[in-house]
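The primary structure of each chain is shown beneath.
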Amino acid sequence: MDLEKIAAVMEQFEKSFDSLDLASATVEGAMGSATTASMPEEEVDALINQVAELHSLEVTSRAADASSKPVAQQVVEESQVDELEKRLATLRAAA
């Protein structure tokens, strides 16, 4: 094995890989901005509403209230907590 040839091939591979990485990043950036700009917001909203109607969902009312309503939290009773702690203790003892 000729170490100099291997090192030269590895160096050429690294240069090619860096060049390919730069080119693919440029293409991805261009494609991303092109598809974002070409998709009209009205069509997207219409499609979302169409899917929501098809599946009987309330998208618009929930989306409008999403930022202002507090998140609902489940209320756990003390007896439920005690029951879960007993089950956990039993599982730990069995392990």
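Because the structure is a prediction, the values reported are computed rather than measured.

With that out of the way, let us pick up the overall build of the chain. The helix and strand tally for the chain stands at four helices and zero strands. Ordered by position from N to C terminus, the α and β elements of the chain give α-α-α-α. A buried classification covers 1% of the 95 residues belonging to the chain. Surface summary for the chain: the accessible area is close to 9,100 Å², and the carbon and sulfur share equals 59%.

A few words now on a nonpolar patch on the surface. A cluster of nonpolar residues, Leu3, Ile6 and Met10, forms a patch on the protein surface that exposes about 300 Å² of accessible area. One can find Ile6 in helix α1 (residues 3-38).

So, about helix α2 (residues 41-54). The end-to-end C-alpha separation of α2 is 20 Å, in line with the 20 Å expected for 14 residues at 1.5 Å each. Following α2 by one or two positions, Ser56 adopts a phi angle in the positive range, close to 55°.

Here the chain averages 80 in pLDDT, while 79% of its residues score no lower than 70. Ranking the elements of the chain by mean pLDDT puts helix α3 (residues 59-65) last, at 57, and helix α4 (residues 78-94) first, at 87.

Here is what the cut-offs are and how they apply
- Residues numbered from 1 in each chain as written.
- Predicted model: local features only at pLDDT ≥ 70, side-chain atom pairs only at ≥ 80, totals over all residues.
- Heavy atoms only, no water.
- Helix = DSSP H or I, 4+ residues; strand = E, 2+ residues; numbered from the N terminus.
- Buried < 20%, exposed > 50% of the residue type's maximum accessible area, 1.4 Å probe, protein only.
- Areas by Shrake-Rupley, 256 points an atom, 1.4 Å probe, with all protein chains shown as cover.
- Patch = residues over 30% accessible without salt bridge, like charges linked within 9 Å, V, L, I, M, F, W, Y side chains within 5 Å.
- Salt bridge = Lys/Arg side-chain N within 4 Å of Asp/Glu carboxyl O.
- Expected span 1.5 Å × (residues − 1).
- pLDDT = per-residue confidence, 0-100.

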